[in-house]
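One letter stands for each residue in the lines below.
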Amino acid sequence: MTRLLFLDRDGTILREPEDEQIDSFDKFRFLPGVIRNLYFLRQHTDFRFVMVSNQDGLGTSSYPEDTFWPTHKLMLQTLHDEGIDFDDILIDRSFPHENLPTRKPGTAMLTKYLQGDYDLENSYVVGDRDTDAQLARNLGCKSLILNEEMNWDRVAEILFAGERTASVRRTTKETDIDIRLCIDGTGKADIATGLGFFDHMLEQIARHGNIDLYIRVNGDLNVDEHHTIEDTGLALGQCLLRALGNKRGIERYGYCLPMDDCLCQVALDFGGRPWLVWDADFRRERIGEMPTEMFLHFFKSLSDAACMNLHVRAEGQNEHHKIEGIFKAFARSLRMAVRRDIYNYQLPSSKGVL
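Residues numbered from 1 in each chain as written. Predicted model: local features only at pLDDT ≥ 70, side-chain atom pairs only at ≥ 80, totals over all residues. Heavy atoms only, no water.

Draft legend 1. Local environment of helix α7 (residues 226-244). Between its terminal C-alpha atoms α7 stretches 27 Å, which fits the 27 Å expected from 19 residues at 1.5 Å a residue. Where α7 ends, the next residue or the one after it, G245, has phi of about 60°, a positive value. (Helix = DSSP H or I, 4+ residues; strand = E, 2+ residues; numbered from the N terminus. Expected span 1.5 Å × (residues − 1).)

Draft legend 2. Just the sheet that holds strand β7 (residues 175-182), in detail. In space, the four strands of this open sheet follow the order β6-β7-β9-β8, with mixed pairing throughout. In this open sheet, the two edge strands, each paired with only one partner strand, are β6 (165-171) and β8 (189-192). Between one strand axis and the next, the sheet turns through 5° on average, direction left out of account. Sheet analysis places β8 next to strand β9 (residues 212-219), joined by four bridges and oriented parallel. Paired with I191 across the bridge in β9 is I215. (Pairing = 2+ DSSP bridges. Axes fitted to C-alpha atoms, helices over the stretch in contact; angles between N-to-C directions.)

Draft legend 3. Up close: the nonpolar core. Judged by nonpolar contacts, the single largest core of 55 residues is most densely connected at F270, F299, I326 and F330. In this view, F330 contacts I205, V266, L268, F299, L302, M308 and L310; residues no more than four positions away in its chain are not counted. If you look at the next biggest cluster of nonpolar residues, it comprises 30 residues, including L7, I22, F40 and L41. (Core = buried A, V, L, I, M, F, W, Y, C linked by side-chain atoms within 4.5 Å. Buried < 20%, exposed > 50% of the residue type's maximum accessible area, 1.4 Å probe, protein only. Contact = heavy atoms within 4.5 Å.)

Draft legend 4. Quick look at the sheet that holds strand β2 (residues 48-54). Read from one edge of the open sheet, five strands run β3-β2-β1-β4-β5, paired in parallel fashion. In this open sheet, the two edge strands, each paired with only one partner strand, are β3 (88-92) and β5 (142-145). Within the sheet, the average angular offset between the axes of one strand and its neighbour, ignoring direction, is 20°. As judged from the three bridges shared by strand β1 (residues 4-7) and strand β4 (residues 124-127), these two strands associate in the parallel manner. Residue pairing in the sheet places L5 in a bridge with Y124 of β4.

Draft legend 5. The confidence of the model for the chain, seen in detail. Per-residue confidence for the chain gives a mean pLDDT of 91; residues scoring 70 or more make up 94%. Long-range and interchain partners of residues 57-67, a stretch whose pLDDT sits below 50, account for 25 contacts in this model, where long-range means more than four residues apart. (pLDDT = per-residue confidence, 0-100.)

As structure tokens, this is what we get:
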């Protein structure tokens, strides 16, 4: 079935001026990266390009066509000259206060796409407003809303190579664990393991790794902390491995991090061969509710499940700073290693397999 790429115009393809009207050539500017990435998507994906736009009265009696269509035609001609054509262009020219069903997020203009043989579940709306996200929900497809984090480079990466998300549910007689993550996130963390200090450390992975991470753990803490920490490491490693998928285009390697009196170095390789080298000693038996012996155990479980080669080294006096530095250094190394380049979408290995 055909996948659809519904594209807003103002604020998505063209910069939207303060008065929200692109009615003169001095207001005509493309968004950074939009031409390069639309061309890439046109060449390398099977999406049908559909422009869907509310023009807030442009082209009506208050805004004659000769003030609107020259800039619109210039946009289409420029994109055409760069190898970018739209399969369909749908523009609602009513005023916002009229609230007609043809205006986004209404779907009246898109009836044929709701009734045809289209893969809406794997189609996207790309826009810059909440109404674009609502349009996607009304159509039963996904949305990518442009903002500071979601620029056109990120949009093209997701549309070409897919969203790197995964979830793992691991249930044993000792623990019940639910983990969900998005590698290409913004650092959001929602974590509850029953161990406050452990939660704080896992939040560092999300924040400094720039991944979205949801973790819920119900473990046998009435026995001790061992099963909760070990099984969380295993489930998180499995989740990372699934989210990485075929690993094409990733940097593969990551490394470094000072934290006050401590120097923490973490080097990792998603090469498919699990191994842990641990060079970090702790004088305290516990930090918070966590036994310090379990830090090594957590990273060993994580590296095994993620098929990751992991080297950890830390030196310093403050034990809290030392372990927090390790988690932050791991997060930064992770962020570096999973960075993906769709313009060099190769497997980073001379063997041809990872």
